[in-house]
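Examination of the molecular architecture
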Amino acid sequence: MDLTAVRTFVAVADSGQFQEAAAVLGVTQQAVSKRIAALEKELGVRLFTRTPRGAEPTADGRAFLPPARELLLAEERAAASVRRGRRPLRVDVVGARLAPAALLRGFHEARPDLALGVVTLFDVESALTALRSGAVDASFRAVAMPGRPLPRGIEAVRVHDEPLQLLTGPAHALAGRASVTPAELAGHRIWIPGIVEGTEWAAYYASLAAEFGLLIDSSGANFSGALQDALAASGAVATLVTGETRLTWPDGHDLRRIPLLDPTPLYPHSLLWATANPHPALIALRTRLTEARPPRTAARTWTPGWAETVRGVFRP
């Protein structure tokens, strides 16, 4: 199987667009399309359905995604076995549209002399397995969830706190507000489809709901664009998004991103790595993230109590 095509498939699945995947891979959109077509021919199935917003994985595409990631990790492990010390620093950023990816881009811009490999793993358990095996050198995660302390040999430092925002359509009762308090969301339907039990983001939203008396509806599949469509058409549904998550929607949707204040819920990003990992660029990454952290704010904020147990020098 052509691993270049597999890597292209994962890039399209992560970004949701052939054009954005081409930019990430540094190739043309035509090259991306050819690679996906060749992979579909080899597998005998369609992997993506074209939509007005980009590309949605088919049922076969969604089934192929986890083993495709494993193939790429196996390739990395094989390469590392013969060029340790010269290989790129491999960092898990969770998703291409999320804040950790932007943090890693900032590191790359500051240290273009250091080679990087970007990985997107699903949850903290996958990340820990990859860290312990050497498949990745570092991972951005929210830790440590209740009852799930970091295992021996894994270190973590809190590096970035990302504020939550309310996302609504124009007809929602809160759409005209300049800001909203978390307590004011009680009684409103907060729809966050696709929350998976056992993940760090599931633990975060469970803590948030318990703290502020919120009802979070996680039913339904998280198809790209479906949530935005529902928000635009409804006056009763809203969702929560992290402030630096890259979102797009048609102009006619007129969605509103509204800050949450007094207190501002913060999603806590930590950098994880294996204590025994000798990669020389790890220290440079940790130093950059610590130096680039935003200044302390006098505003009231909230994070789950379990996030405060993370070892490390940075506290918000």
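Everything numeric here is computed off the predicted structure, so don't read it as measured data.

So, on to the pattern of salt bridges. Where side chains of opposite charge bring their charged atoms close, a pairing between them can arise. The full count for this structure, using the stated rule, is 13 salt bridges. Of the charged contacts, one joins Asp14 and Arg69 as a salt bridge, the two residues approaching to 2.9 Å between their closest N and O atoms. Of this pair, Asp14 sits in helix H1 (residues 3-15) while Arg69 sits in helix H4 (residues 59-80), placing them 55 residues apart in sequence. Between Asp217 and Arg189 there is a salt bridge, and its shortest N-O distance comes to 2.8 Å. Taken together, the positions of Asp217 in strand E8 (residues 215-217) and Arg189 in strand E7 (residues 189-191) put the pair 28 residues apart, joining distant regions of the chain. Via salt bridges that share partners, Glu20, Arg97 and Arg246 belong to a single interconnected network.

Of note, the amide linkage connecting Asp262 to Pro263 takes the cis form, showing an omega dihedral of 0°. Looking at the secondary structure, you find Pro263 in the loop between strand E10 (256-259) and strand E11 (264-274). Backbone geometry places Val94, a non-glycine residue, at a positive phi of 70°. Within the secondary structure, Val94 sits in the loop between strand E3 (89-92) and helix H5 (99-110). Look at Asp262: it is not a glycine, yet its phi comes out positive at around 60°. Considering the arrangement of structural elements, one finds Asp262 in the loop between E10 and E11. Taking the relative accessible area as the measure of exposure, Asp262 reaches 46% and is therefore partly exposed.

This paragraph deals with the side chain of Asp123. Residue position: Asp123 is located in the loop between strand E4 (116-119) and helix H6 (124-133). No salt bridge is formed by the buried Asp123. Its closest oppositely charged neighbour is Arg141, at 5.8 Å. When neighbours within four sequence positions are excluded, Asp123 is seen to be in contact with Arg141, Thr199, Glu200 and Trp201.

Under the definition given, this model contains eight aromatic pairs. When the centroid spacing of 5.4 Å and the interplanar angle of 45° are considered together, the rings of Phe9 and Phe48 count as tilted. Of the two residues, Phe9 is situated in helix H1 and Phe48 in strand E1 (residues 48-51); the sequence distance between them amounts to 39 residues. For the pair Phe9 and Phe48, one class covers both residues: buried. Seen from their ring centres, Tyr204 and Trp302 are 5.8 Å apart, and the 55° between their planes marks the pair as tilted. Taken together, the residues Tyr204 in helix H7 (residues 200-212) and Trp302 in strand E12 (residues 301-302) connect sequence positions 98 residues apart. In this pair, the class of Tyr204 matches that of Trp302, namely buried. An aromatic cluster is defined as three or more aromatic residues linked by ring pairs; in this entry it consists of Tyr204, Tyr205, Phe212, Tyr267 and Trp302.

Turning our eyes to something else, we now look at the layout of surface pockets. Its boundaries defined by the atoms lining it, the second largest pocket holds a volume of some 850 Å³. Lining the second largest pocket are 25 residues, with Val24, Gly117, Val118, Val119 and Thr120 sitting closest to its centre. Going through the elements one at a time, H1, helix H2 (18-25), H4, H5 and E4 are the ones with two or more residues in the lining of the second largest pocket. Grouping the amino acids of the lining of the second largest pocket by side-chain chemistry returns 13 nonpolar, four polar and eight charged.

Attention now moves to the environment of Pro149. If you trace the backbone, Pro149 turns up in the loop between strand E5 (138-141) and strand E6 (154-168). With relative accessibility at 64%, the residue Pro149 sits in the exposed group. When the C-alpha atoms of Pro149 and Ala68 are compared, they prove to be 29 Å apart, with 81 residues separating the residues in sequence.

Moving on: the confidence of the model for the chain. Averaged over all residues, the pLDDT of the chain is 88; the fraction at 70 or higher stands at 94%. Across the chain, E10 holds the top mean pLDDT of 96, while H4 sits lowest at 83. This model gives residues 312-316 a pLDDT under 50, and the stretch forms 16 contacts once residues within four places in sequence are excluded.

Let's shift gears to the nonpolar core. In globular proteins that are soluble, nonpolar side chains generally tend to be buried together. Formed by 45 residues in total, the largest nonpolar core has its most connected members in Leu166, Tyr205 and Leu240. Elements with a contribution of two residues or more to this core: H6, E6, H7, strand E9 (237-242) and E11. For this core, the element with the highest residue contribution is H7, accounting for eight residues. Excluding residues that lie within four positions of it along the chain, Leu166 makes contacts with Leu174, Val180, Leu185, Ile190, Ala238, Thr239, Leu240, Arg256, Arg257, Ile258 and Leu260. Within the second largest apolar cluster, 20 residues are counted, among which are Val6, Val12, Ala55 and Phe64.

Definitions and cut-offs
- Residues numbered from 1 in each chain as written.
- Predicted model: local features only at pLDDT ≥ 70, side-chain atom pairs only at ≥ 80, totals over all residues.
- Heavy atoms only, no water.
- Salt bridge = Lys/Arg side-chain N within 4 Å of Asp/Glu carboxyl O.
- Helix = DSSP H or I, 4+ residues; strand = E, 2+ residues; numbered from the N terminus.
- Buried < 20%, exposed > 50% of the residue type's maximum accessible area, 1.4 Å probe, protein only.
- Lys, Arg positive; Asp, Glu negative; His and termini not counted.
- Contact = heavy atoms within 4.5 Å.
- Phe/Tyr/Trp six-rings, centres within 6.5 Å; stacked < 30°, edge-to-face > 60°.
- 1 Å grid on protein atoms, 1.4 Å probe; cavity = no way out; pocket = protein on both sides within 12 Å on 5 of 7 lines; lining within 4 Å.
- Points joined across faces, edges and corners; volume = space filled by probe spheres on them.
- Nonpolar A, V, L, I, M, F, W, Y, C, P; charged D, E, K, R; others polar.
- pLDDT = per-residue confidence, 0-100.
- Core = buried A, V, L, I, M, F, W, Y, C linked by side-chain atoms within 4.5 Å.

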